[in-house]
Amino acid sequence: MNIGFNEILIGVLIVLFVVVYSLKIKYMISKNEASKNLETFLKNNYDNKLGYSDLTRFFNSATMNPNSFWARIYQKENPKVELILHFDAKDIITQSDVASDYPDGLSFHKQYLEKIEVVQTQDEIANKIKPLGVNLKWEYNLIYLELTKEYSEAQIFEKVSYFLDLFNAEDFNKLGYYHEATLVLSFVLESKPKLTLPIEQDNEVWLYKDLKLYEDIEEFKTFKSKLEKQFEDYLEINSSTHKLYDYYGSFIAQQNFNQVLFIQFTETKKTRKEIKERKKGVWLSPITGYIVSYLDIEKQQLKYINYVPTLNDVSRDDILDKEKIAFLKSF
C-alpha cells in the first residue's frame, strides 16, 4: 500500500500535537496553585478588596495553553460589582493587570472601573424609583421591577414610564443593554403571576411593547401543563386529527392584568412512516393551526377556546397581532 504525502503530513502533525501537548501537560499548573496565584494578584493590586469564585480551567484550543483559567471576580464590599476574568495562572502572579483576549477589548482593570460606574448608575436609578414602591434588581437582559404594594394597572404603567425616563437618561450601552431588554413585573399578591414587558430602542429611545406571561419560572410550567390538558381534551372532541405543537405565545391586557390571551399552535398527527418520510425531504414547519383561548387568571377560568386552521409558515407574532384585536374587544 502506497502512503501519500497527505497521510505523511497528517501523521507528522499528530505526532507534533502529542509532543507539544505532552510538554505543556508536564508544566501544567494545578488548580490549587492557580488559586494561590490569583489570590496573590488580587492582594497585590487590589489590597484584598476583591474576592473570587467558580475558578475553572479554561482550555484554550487556539493556544493549547493548559494554564488558562477563568474565575468570577467580585468586590467584597459590594458583590454586585462582578465580572469574569480569563487569565494565565502561570503569569498572573507577576501581573499588575490582565489584557483583553480581544485586540480592542478593555483590560481587566478598565472593565472593573467601568463595572463600578455601571453599578453606581443602577443604584442611583433604583434609589430614585424606590419611593414610588418599586424595588429594582438588575440582571443580564432582565430588569426586575418588584412592586411593594398593590397598585392599579394605570399606576403600574406610570411607574414603568418613570423607570424608562430614568433609563433613557443614561448611557444604556454602558449599562450593558443593547437595543432590547425585558422588564419582569412581580406583585405583592402571590396569586398574581409574574409578567414580562419587553422594551426596545426606537430612534435611541426605549419604549415598552406588549405585556406577556413570564415563562422562565416553575409557576408558568405548572400553569401551562394544566392548560395543555384542557387543550388536549378540546382537540380530542373537536379536532382529533390534531395534537399540540410546542409553539405558543401570550398577551396580557394592559387595562386588566387578569385577562390573558393564550395561543397554542397545533400539528396534524402522523404515522411513523409519515414521520420517517418527512425527514428525507426538505424540512417544513408542521404547524397546521392553533388554539386561541381567553383566560381569567384571578378566577382560574378558561373563558373562551377555539381552533383555527392555518398555513404552516405562520408567524407567532402575526397570529398574536391578529388575535389580540378581537381579544381586547371581548371585555
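Please read these numbers as outputs of a predicted model, since none were measured by experiment.

Q: Could you clarify how one ought to interpret the overall build of the chain in this entry?
A: When helices and strands are counted, the chain shows eight helices and 13 strands. Burial analysis of the chain (331 residues in total) assigns 37% to the buried set. When contacts within the chain are restricted to residue pairs at least 6 apart in sequence, long-range pairs at least 24 apart make up 54% of them. For the chain, the exposed area adds up to about 20500 Å²; of that, 52% sits on carbon and sulfur atoms.

Q: Would you take a moment to explain helix α8 (residues 316-328) for this structure?
A: What sets the pattern is the α-helix's 3.6 residues per turn: residues three or four places apart point alike. Between its terminal C-alpha atoms α8 stretches 18 Å, which fits the 18 Å expected from 13 residues at 1.5 Å a residue. Summarising the contacts, the buried residues of α8 are in contact with β10 (242-252), β11 (259-268), β12 (287-296) and β13 (301-309). The opening residue of α8, the one whose side-chain oxygen lies 3.3 Å from the backbone nitrogen of Asp317, is Ser315.

Q: For this particular structure, what's the right way to read unusual backbone geometry?
A: Of all residues except glycine, most have a negative phi; of all peptide bonds, most are trans. Its identity is not glycine, yet Asp54 carries a phi of approximately 55°, on the positive side. Its place among the elements puts Asp54 in strand β1 (residues 50-57). The exposure class assigned to Asp54 is partly exposed, which follows from its relative accessible area of 41%. The phi dihedral of Glu204 is positive, around 65°, even though this residue is not glycine. Mapped onto the elements of the fold, Glu204 is located in the loop between β7 (195-202) and β8 (205-208).

Q: Looking at this structure, how should I read empty space enclosed by the protein?
A: On inspection of all chains with the given rule, the structure shows one cavity of 30 Å³ or more. Lining of the largest cavity is provided by Leu147, Lys149, Glu150, Tyr151, Ile156, Phe187, Val188, Leu189 and Lys192.

Q: Looking at this structure, how should I read the environment of Ala99?
A: Relative to the helices and strands, Ala99 resides in the loop between β3 (82-88) and α3 (108-129). Along the primary structure Ala99 and Leu85 are separated by 14 residues, whereas in three dimensions their C-alpha atoms are 9.9 Å apart.

Q: How should the side chain of Gln201 be read in this particular structure?
A: Note that Gln201 resides in strand β7. Looking at Gln201, the relative accessible area reads 18%, which means it is buried. If we ignore the near neighbours within four places in the chain, the residues touching Gln201 are Phe172, Tyr178, His179 and Trp206.

Q: What am I meant to see in the layout of surface pockets here?
A: Looking at the largest pocket, its volume works out to about 1100 Å³. Lining the largest pocket are 36 residues, and of these Glu82, Leu83, Ile84, Gln111 and Lys115 sit closest to its centre. Of all the secondary structure elements, the ones that give two or more residues to the lining of the largest pocket are β3, α3, β4 (134-139) and α5 (172-175). Per-element accounting of the lining of the largest pocket gives the leading share, eight residues, to α3. Among the residues forming the lining of the largest pocket, the class breakdown is 17 nonpolar, nine polar and 10 charged.

Q: When you look at the packing of aromatic side chains in this model, what are you seeing that I'm missing?
A: On inspection of all chains with the given rule, the structure shows 23 aromatic pairs. Here the aromatic rings of Phe167 and Trp206 are separated by 5.2 Å at their centres, their planes lie at 65°, and the arrangement is edge-to-face. Separated by 39 residues along the polypeptide, Phe167 in helix α4 (residues 153-168) and Trp206 in strand β8 bring together distant segments of the chain. We note that Phe167, like Trp206, is buried. Members of the aromatic cluster, joined through ring pairs, are Phe220, Phe223, Phe231, Tyr248 and Phe262. Sitting over the ring of Tyr144, Lys137 keeps its end group 5.7 Å from the ring centre.

Q: Explain the sheet that holds β13 to me, please; I cannot follow it from the model alone.
A: Strand order in the open sheet formed by four strands is β10-β11-β12-β13, and the pairing between neighbours is antiparallel. Either end of the sheet is taken by a strand with one partner, and the two such strands are β10 and β13. Taking each pair of neighbouring strands and ignoring which way they run, the sheet shows an average axis angle of 20°. Where β10 lies against β11, eight bridges are found, and the strand directions are antiparallel.

Reading the values: rules and limits
Per chain, residue numbering runs from 1 following the sequence as it is written. In view of the model being predicted, local features appear only for residues whose pLDDT reaches at least 70, and side-chain atom pairs are presented and counted only at 80 or more, with totals across whole chains, interfaces and linings using the full set of residues. Side-chain measures here rest on the full set of heavy atoms in the structure, leaving out hydrogens and waters. Runs of E in the DSSP output that reach at least two residues are strands. Runs of H or I that reach at least four are helices, and both are numbered from the N terminus. Burial status follows relative accessibility: with a 1.4 Å probe on protein chains alone, a residue under 20% of its type maximum counts as buried, one over 50% as exposed, and anything between as partly exposed. The contact rule is simple, with two residues in contact once any of their heavy atoms fall within 4.5 Å. Every accessible area reported is derived by Shrake-Rupley at a probe size of 1.4 Å, with residue values counting cover from the shown protein chains alone. Each helix should span, by expectation, one fewer than its residue count multiplied by 1.5 Å. For this analysis, a polar contact is any N or O atom pair within 3.5 Å, provided that within protein one partner can donate a hydrogen and the other can accept it, and provided that sequence-adjacent residues contribute only side-chain to side-chain pairs. Here a cavity is any set of points on a 1 Å grid over the protein atoms alone where a 1.4 Å probe fits but cannot get out, and a pocket is any open set with protein on both sides within 12 Å along at least 5 of 7 lines; a residue lines the site when it has an atom within 4 Å of a point. Grid points are joined across faces, edges and corners, and a volume is the space filled by probe spheres set on the points. Polar here means any residue other than Ala, Val, Leu, Ile, Met, Phe, Trp, Tyr, Cys and Pro, which are nonpolar, and Asp, Glu, Lys and Arg, which are charged; Gly is therefore polar. Whether two aromatic rings pair depends on their centres lying within 6.5 Å, for rings of Phe, Tyr and Trp, where Trp uses its six-membered ring; planes under 30 degrees apart make the pair stacked, over 60 edge-to-face, and the rest tilted. Working rule: Lys NZ or Arg CZ, within 6 Å of ring centre, within 35 degrees of ring normal, means a charge sits over the ring. Strand pairing requires that DSSP identify at least two bridges connecting the strands. Here an axis means a line fitted to C-alpha atoms, over the contact stretch when the element is a helix, while the angle between two N-to-C directions is reported on a 0 to 180 degree scale.

Taken by themselves, the reported measurements are silent on function.
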